[in-house]
Amino acid sequence: RGTITAGRRKQQVAILEVPADQARPLLREFPILVPTGVGFMKNAGLVTGPNPDEFEALAGRCAVFELVPI
């Protein structure tokens, strides 16, 4: 559980890990939708660059979480 805050608004959320098969397409889109995050993943040694195939291959090794309002 956690709280997301935006200005004065607060939302309680459950933090759920997404199964690898569901995480795969999300990871594939990551370098396209969050290009600023590619450097972090590259510096961590997880990928060599913004290649969607490399990100998709992280499924099952790199946790992906869903924030669900409660």
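Use the structure listed above.
What counts and what doesn't
Residues numbered from 1 in each chain as written. Predicted model: local features only at pLDDT ≥ 70, side-chain atom pairs only at ≥ 80, totals over all residues. Heavy atoms only, no water. Helix = DSSP H or I, 4+ residues; strand = E, 2+ residues; numbered from the N terminus. Rg over C-alpha atoms; globule rule 2.2 N^0.38 Å. Buried < 20%, exposed > 50% of the residue type's maximum accessible area, 1.4 Å probe, protein only. Contact = heavy atoms within 4.5 Å. Lys, Arg positive; Asp, Glu negative; His and termini not counted. Charge placed at Lys NZ, Arg CZ, Asp CG, Glu CD. Salt bridge = Lys/Arg side-chain N within 4 Å of Asp/Glu carboxyl O. Expected span 1.5 Å × (residues − 1).

Thoughts on the overall build of the chain
The helix and strand inventory of the chain stands at three helices and three strands. Reading the chain from its N end, one meets helices and strands in the order β-β-α-α-α-β. A compact globule built from 70 residues would reach a C-alpha radius of gyration of about 11 Å, whereas the chain, at 14 Å, exceeds it by more than 25%. For the chain, the C-alpha atoms occupy an extent of roughly 40 × 25 × 20 Å along the three principal directions. In the chain, which comprises 70 residues, the share counted as buried stands at 24%. Of all intrachain contacts in the chain linking residues separated by at least 6 positions in sequence, the fraction that spans at least 24 positions is 56%. Averaging the locations of the 8 positively and 7 negatively charged side chains of the chain gives two centres separated by 13 Å.

Regarding the pattern of salt bridges
Inspection of every chain in the model, using the stated rule, returns two salt bridges. Note that Arg28 is salt-bridged to Asp53, the shortest N-O span being 2.6 Å. With Arg28 in helix H1 (residues 20–33) and Asp53 in helix H3 (residues 52–56), this residue pair connects regions lying 25 residues apart in the sequence. Among the residues examined, Arg28 registers a relative accessible area of 30% and is labelled partly exposed. Among the ionic pairs, Arg28 bridges to Glu56, the shortest N-O distance being 2.7 Å.

Focus on H1
The terminal C-alpha atoms of H1, which comprises 14 residues, lie 19 Å apart, in line with the 20 Å expected from a rise of 1.5 Å per residue. Residues of H1 that are buried include every one of Ala23, Leu27 and Pro31, and no others. Taken together, the buried residues of H1 touch helix H2 (38–43) and H3.

What about the environment of Cys62?
Along the polypeptide, Cys62 turns up in the loop between H3 and strand S3 (65–69). Through-space distance from the C-alpha of Cys62 to that of Arg1 is 20 Å; in sequence the pair is 61 residues apart.

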